[in-house]
Number of protein chains: 8
Amino acid sequence: MGKPYVRLDKDDVAVLLVDHQTGLLSLVRDIDPDKFKNNVLALADIAKYFNLPTILTTSFETGPNGPLVPELKELFPDAPYIARPGQINAWDNEDFVKAVKATGKKQLLVAGVVTEVCVSFPVLSALAEDFDVFVVTDASGTFNEMTRNAAWSRMEQAGAQLMSWFGVAAELHRDWRNDVEGLGTLFSNHIPDYRNLINSHTLFTSGK
Amino acid sequence: MGKPYVRLDKDDVAVLLVDHQTGLLSLVRDIDPDKFKNNVLALADIAKYFNLPTILTTSFETGPNGPLVPELKELFPDAPYIARPGQINAWDNEDFVKAVKATGKKQLLVAGVVTEVCVSFPVLSALAEDFDVFVVTDASGTFNEMTRNAAWSRMEQAGAQLMSWFGVAAELHRDWRNDVEGLGTLFSNHIPDYRNLINSHTLFTSGK
Amino acid sequence: MGKPYVRLDKDDVAVLLVDHQTGLLSLVRDIDPDKFKNNVLALADIAKYFNLPTILTTSFETGPNGPLVPELKELFPDAPYIARPGQINAWDNEDFVKAVKATGKKQLLVAGVVTEVCVSFPVLSALAEDFDVFVVTDASGTFNEMTRNAAWSRMEQAGAQLMSWFGVAAELHRDWRNDVEGLGTLFSNHIPDYRNLINSHTLFTSGK
Amino acid sequence: MGKPYVRLDKDDVAVLLVDHQTGLLSLVRDIDPDKFKNNVLALADIAKYFNLPTILTTSFETGPNGPLVPELKELFPDAPYIARPGQINAWDNEDFVKAVKATGKKQLLVAGVVTEVCVSFPVLSALAEDFDVFVVTDASGTFNEMTRNAAWSRMEQAGAQLMSWFGVAAELHRDWRNDVEGLGTLFSNHIPDYRNLINSHTLFTSGK
Amino acid sequence: MGKPYVRLDKDDVAVLLVDHQTGLLSLVRDIDPDKFKNNVLALADIAKYFNLPTILTTSFETGPNGPLVPELKELFPDAPYIARPGQINAWDNEDFVKAVKATGKKQLLVAGVVTEVCVSFPVLSALAEDFDVFVVTDASGTFNEMTRNAAWSRMEQAGAQLMSWFGVAAELHRDWRNDVEGLGTLFSNHIPDYRNLINSHTLFTSGK
Amino acid sequence: MGKPYVRLDKDDVAVLLVDHQTGLLSLVRDIDPDKFKNNVLALADIAKYFNLPTILTTSFETGPNGPLVPELKELFPDAPYIARPGQINAWDNEDFVKAVKATGKKQLLVAGVVTEVCVSFPVLSALAEDFDVFVVTDASGTFNEMTRNAAWSRMEQAGAQLMSWFGVAAELHRDWRNDVEGLGTLFSNHIPDYRNLINSHTLFTSGK
Amino acid sequence: MGKPYVRLDKDDVAVLLVDHQTGLLSLVRDIDPDKFKNNVLALADIAKYFNLPTILTTSFETGPNGPLVPELKELFPDAPYIARPGQINAWDNEDFVKAVKATGKKQLLVAGVVTEVCVSFPVLSALAEDFDVFVVTDASGTFNEMTRNAAWSRMEQAGAQLMSWFGVAAELHRDWRNDVEGLGTLFSNHIPDYRNLINSHTLFTSGK
Amino acid sequence: MGKPYVRLDKDDVAVLLVDHQTGLLSLVRDIDPDKFKNNVLALADIAKYFNLPTILTTSFETGPNGPLVPELKELFPDAPYIARPGQINAWDNEDFVKAVKATGKKQLLVAGVVTEVCVSFPVLSALAEDFDVFVVTDASGTFNEMTRNAAWSRMEQAGAQLMSWFGVAAELHRDWRNDVEGLGTLFSNHIPDYRNLINSHTLFTSGK
């Protein structure tokens, strides 16, 4: 009855990080800032860990929106970086779409600020071109839960799949036998409860 | 799989403001009054800024529902103004439907009080006549989150798209190169965080 | 794209009140008890006001579930009253279904306690027999928001329309010219904010 | 219009309990720990009470994820127990799928930790193989409401039905005449309010 | 170390109901309107039940503040009724203070709208004149929890005791042997959960 | 400046459990029922574990308030059990006060339902007779957070110390060397997170 | 027992606005930005309306903290304006203290960002010099409710009185006969519910 | 009237970090784990930055409570580290008290897990020995807001001052002229909003 299961495939995924800029971040109030910072950096670490082609884009960095958060710049020094001259929907920018298509990937992971604009618009546009689109909901932020829920509804109705960064990582990895240490470290760095489990475990099993 | 992307087009949009009356507003408790007032006026400013045909309608202004909020009257002195003699669903009022159709627009932005009646009913009726309908969720208010969620579900299932006023403005504008100052001012007037960004930016870049 | 607008029609509606029993009510914790009592009685008053055929049913009144709340018994002394001998889904009880079908109505308003059982089960069964089913969400209660949301999702996916008692009243009434005083009194009795508006209005316009 | 009513049938149901491990449980923060423990054990008791084939699976018990909670081990000493060597999606493990298929059941009740991974992934996979899948939402837990809502959306869109353990029990039982005492005891053990009703009732009707 | 226990004594208590006016009530948003209406009427019923001298006062009834809620007028037709010509603090009105002192009572129960003004000001003034002052917190309302908490802090520091209407009733009654039926009815009318208990109890013990 | 530290001393403590009756429990809505049941039983287990003299009291067990919860009866078969004939404040009952004083203890741990009556009143009375009184806040319940906060304020101002059952246990135990297993088991039975820690720890350190 | 009632006296009050700067405002997350902006401007309007000596101070305007919000600068062009060269506690700045003392007022209204630093520190210092200090809580903001509550506790214990801007206005005005229109307009501009009441009232009583 | 202002003085402060252990941290549910981790490390960074003597203590590291979080161990390699053999109240451990007194400081900053035990007990004990005690509330965690509020009340009544880590840093620093870069970096590392302000500011003022 429902939609078929389109499953994330690390060989067919590109990541679009849209407008995580220092000014715009002050608008995000549906997630606590400590958690939001952590979520965005976790998604960035996932992109690095799985070697996913990643595209950065911003809107008016020299205006009040402010520069891209420096951590993202540093993590992806060689990523396509599209400073849009004015298009609000990144998908309206030819260079951006070209960069997306140049990856040759069919599955898009999208996150950004604010959810109902910088995320929703390219999500809806990409769906219209038959991409499989996955919204990384907790690495995307907006004014409040009400506007978030409206944005989620619109994207969901259009066929987007809503995920969390943790779900993304797990679906991409598929099997811990591919590598325990790398992903374990990523989780430890971004989930304090998990880090605590690891630290307890290490002590207890070290026989000390 | 999902619905195709029907995108707001400023040349094909009309705005319907339904029953924002001083009495009915006291029923709105799913949004804080300071924020709700701001959201409604922001939507009105958007209608003015993009020159969107706007239709006002009220129900029993001389009864307990009270008059239309004066700010809306003043902003749209020449807009069609349908004081309905009794129809609860504005779409049951011929003059209202005529006024909507007279705009020649296919896309309708609807906001009002209360969400599950004054918004939902004309939304469902307009969808039934194949309009593309966009609910401006945060410029619409009701008794509490429970009745709001039920109303959203009903409209969503019927094919309405849920948006926020900020999303509406951004989707209508499309490109900042069309005009920075006007929309920037609108955002500054209705988003305190954005106003702060602008004020900081102005100081910092003025070299003082 | 969406579902067609099935609109409540007072000549084609029956009301099903399922298991509003004094014991079961102590399980309801997704709505405050003062508000829930008010919502249930408001729906009952609507059924009376619009003369809607109403069917009462209970489960094990002499056991811990307790008796039907006395107010409902008193309001509908002649309504079909099915004390189910054991069926959890009221629709599994032949007498209940017979009573529903005997009304000759195609549209069903359903409310009850608890939402994911006493409401959901007959809702799903009635939808399967092609009734148009409307859940009166705020006159239905359950353990917490989580179980409520799950129940809403299941009913929504199956084709039920989610409403509030206020939306129901408004959609049934359609036009205030049918009667102002009766419905006005009903609203005044069940919406304190509306009662205040009326009382202020009466004083102010009486010229005193 | 909607999905047909697929109703739980105790002769056609299997229960999948995925990764309720002592370490992973510390990640669950969308439900209070007292309630979550109660919900999981209630679901387990349901599986026992209705004699439903039940399958246990875990991921890395000797690592930080920790062992399966002992209560589940004790309740289902003879259940298939698949300690997955690395697959994150239990459905990627052949033994697990074999165990599921060996039950010969078409309806699957799934619960686990965390919702967007250990529950969602096998749910989506099972739906893709045409099982009827029911998520026991309140016996599944995750980081917070945001990631939960995203996970629910994804499963719902794919055709899963969202339920609570109480709804599951009621839909499986169908008629209290099948047995009052057994299910009554189960409810009394897991719903304090219901236990109170029973205790009051017993006293009052004992004539003391 | 702490304050001595000043206990409500039904022979030494007067009730002050300050500015429960139909307009001002629309400002109350720290309590749900259904519950607030119930709380205020419960306190009024307590005053009647215990025959406590009660004083009503209002501010500008013919202005936007609106008239006293009619239920209070009807319950206390012979109570001193001070329509203050302008004083915001009721204690600044000589007639009001005279009326209070004319009761000869030392203990004052105060409730009103809004908490930080109409309640706090006379509370602080009465404390300054060595009355024992008890704030009926849940029959008093204000803009939001933040302003309420600030108001409570100020009154508490000045020596007021914070109570609920239920606590007031219980402390005044002292012993159920004084009368079961009257107070039981009052509780049944204002506490739905209690009404349910009574209704279940009645059925169960009637032997039917 | 502040109050001197009166520290719980297991040789000088008595426990007063006031009106934890099956009917009254349905009024408790400031704590989730699963958690509240757990908290009350945890406090009872503490009283047993430390061998604290414990006094049970109820109000009208054969009326709607219902019987004492059976678990408490069973845990304290020999405890003084005062079924009050009508006094609302347990301290107004001579037998109760006698029982308290017969313990010879100066420190009283009090918990009950509802907080602002059954707990507050004896707490205030006991303070007035110079007992050191400790409110076990989370084993006491009431209508909502507002009435709870008012009750806490009143008791706090009168000199009561507010604690949780976990704090009580820890302050009574003082040193884990007195006994690890007994208190560890108590914590494991009432704190799911702690039980998980123990289960993980046991596995990890068993070398398996 | 309690603190004596120190009542605001418009002839003895000065207002201290501390660090309402465009950058620091992005840290405020215990109040919604729409409401916070409104509260701060309401307090400013009160200072103007009652002609209260007002002192502005900022910290590092040219750094990330950003400039004072322009509205405050414009409202108080001639007010003492102390741009502190480094002191975090404004009271450590001699010019600031001099300006405060130059007003000759004994009562200080303090608001600022963030509550536990820019408000608390000068509040505690001023109390130490025997000023009567009133915190305008809702015109002060901070990171979250937890840090706010801690800050309130510290100030309250030191003798500060916690108020809201509405309480301040009412206590200063004392009697509506002093002026209805001015204060009514101020309330109408800053309390949407009150504005609605006025607009309804005007219509209804105009006889139209 | 109130308590005199005891102000933090960096030359007279010691920091006590009590039981921040990897197992116990899983009990903390009144603060989100991302934020709590950040708060604890911020406090640790403050201790380093101001060179405050810091004392670490733990309870049963090799048991389920788990080891001290490694970050704290690494930050304070030479700090007194008291692994308590059993005392629950750290102040009952002679070595701990000796270490505290050896610092020669009169002001104690205390944080730990859980608030009502590991923080409250030594706080109350230290107050009893006339230390000035400051609770760093947001670097302390516990089961839920209810047990936290009770713990805060008890400490507050005993004379403790409640603070946040940000307030602590600001009160210790006193004047930005002492050092901008160091403290600015600390804030940037622990307050994402502040980091954003700095990054925007740097870009804007660099003239690029």
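Keep in mind that this is a model prediction, so the values were computed, not measured.

As a further point, take the interface of chain F and chain E. Of the residues lining the interface, 38 residues belong to chain F; the matching set on chain E comes to 36 residues. Each partner contributes to the roughly 3,000 Å² buried at the junction of chain F and chain E, and carbon and sulfur atoms together form 63% of this total. Linking F:Arg154 and E:Glu171 is a salt bridge whose minimum nitrogen-to-oxygen distance equals 2.8 Å. There are ten residue pairs in polar contact (both at pLDDT 80 or more) connecting chain F and chain E. Of the residues forming the side of chain F that touches chain E, the biggest block, seven residues, is contributed by helix α5 (residues 145–157) of chain F.

Attention now moves to the relation of the copies chain G and chain E. Least-squares fitting of chain G to chain E yields an RMSD of 0.0 Å, with the superposition described by an axial translation of 0.0 Å and a rotation of 90°. On this basis, the relationship between the two copies can be described by a four-fold rotation axis. Take the interface residues of chain G: only 8% of them recur as interface residues in chain E, which is what a contact between different surfaces looks like.

Let us now look at the packing of aromatic side chains. Within this structure, the stated rule accounts for 83 aromatic pairs over all chains. Both rings, one in D:Trp165 and one in D:Phe166, keep their centres 6.1 Å apart while their planes meet at 80°; by these two values the pair is edge-to-face. Taking relative accessible area as the criterion, D:Phe166 reaches 11% and is therefore assigned buried. An aromatic cluster is present here, built from A:Phe60, A:Phe143, B:Trp165, B:Phe166, B:Trp176, B:Phe187 and B:Tyr194 joined pairwise through their rings. The residue whose ring lies beneath A:Arg148 is A:Trp152, and the NZ or CZ to ring-centre distance is 5.5 Å.

Quick look at the relation of the copies chain F and chain E now. Think of it as a corkscrew move, a rotation about one axis and a shift along it, taking one chain copy to the other. With an RMSD of 0.0 Å, chain F superimposes on chain E once it is rotated by 90° and translated 0.0 Å along the axis. In this assembly, only 5% of the residues forming the interface of chain F have copies in chain E that are likewise at the interface, indicating a heterologous arrangement.

A common measure of how large an interface is: the accessible area buried when the components associate. Residues and elements named next belong to chain A. Split into domains, chain A comes out as domain 1 (13–174) and domain 2 (177–208). The gap between the C-alpha centroids of domain 1 and domain 2 is 28 Å. Opposite the eleven residues of domain 1 that make contact, domain 2 presents nine residues. Between domain 1 and domain 2, roughly 900 Å² of surface is buried when both sides are summed, and carbon and sulfur atoms account for 67% of that area. Three residues, Tyr49, Trp165 and His173, lead the burial of domain 1 against domain 2; their summed loss comes to 52% of the area buried on that side. At the junction of domain 1 and domain 2, the tally comes to zero salt bridges. Across the contact surface, domain 1 and domain 2 share five residue pairs in polar contact (both at pLDDT 80 or more). Elements that contribute at least two residues to the side of domain 1 that touches domain 2 include exactly α1 (33–49) and α6 (165–173). Broken down by element, the residue count for the side of domain 1 that touches domain 2 peaks at six residues, all from α1. For the side of domain 1 that touches domain 2, the per-class residue count stands at eight nonpolar, two polar and one charged.

About the thresholds
Position numbers for residues start from 1 in each chain and track the written sequence from start to end. In the order they appear in the text, chains get letters beginning with A and ligands get numbers beginning with 1. Only residues with pLDDT of 70 or above have their local features reported here, since the model is predicted, and side-chain atom pairs are shown and tallied only from 80 upward, although totals for entire chains, interfaces and linings are computed over all residues. Water and hydrogen atoms were dropped before computing side-chain values, which therefore reflect all heavy atoms in the structure. Here a residue-residue contact requires only that any non-hydrogen atoms of the pair lie within 4.5 Å. For any pair of parts, buried area is found by adding up, for both, the accessible area (1.4 Å probe) each one loses once the two are put together. By salt bridge we mean one thing: a side-chain nitrogen of Lys or Arg within 4 Å of a carboxyl oxygen of Asp or Glu. Whenever a nitrogen or oxygen atom comes within 3.5 Å of another N or O atom, the pair is scored as a polar contact, on the condition that within protein one atom can donate a hydrogen and the other can accept it, and that pairs from neighbouring residues in sequence are kept only if both atoms are in side chains. Counting from the N terminus, the helices are DSSP H or I runs at least four residues long and the strands are E runs at least two residues long. Superposition of the copies was done by least squares, using only C-alpha atoms of residues whose pLDDT is at least 70 in both. We call Phe, Tyr and Trp rings a pair once their centres come within 6.5 Å, taking the six-membered ring for Trp, and we label the pair stacked below 30 degrees between planes, edge-to-face above 60, and tilted otherwise. Buried residues are those whose accessible area, probed at 1.4 Å on protein chains only, stays under 20% of the maximum for their type, while exposed residues exceed 50% and partly exposed ones sit between those limits. Only Lys NZ and Arg CZ are tested; either one counts as a charge over a ring when it is within 6 Å of the ring centre and within 35 degrees of the ring normal. Residue ranges labeled as domains rest on an automatic or database domain assignment. Each residue receives one of three labels: charged for Asp, Glu, Lys and Arg, nonpolar for Ala, Val, Leu, Ile, Met, Phe, Trp, Tyr, Cys and Pro, and polar for the others, Gly being one of them.

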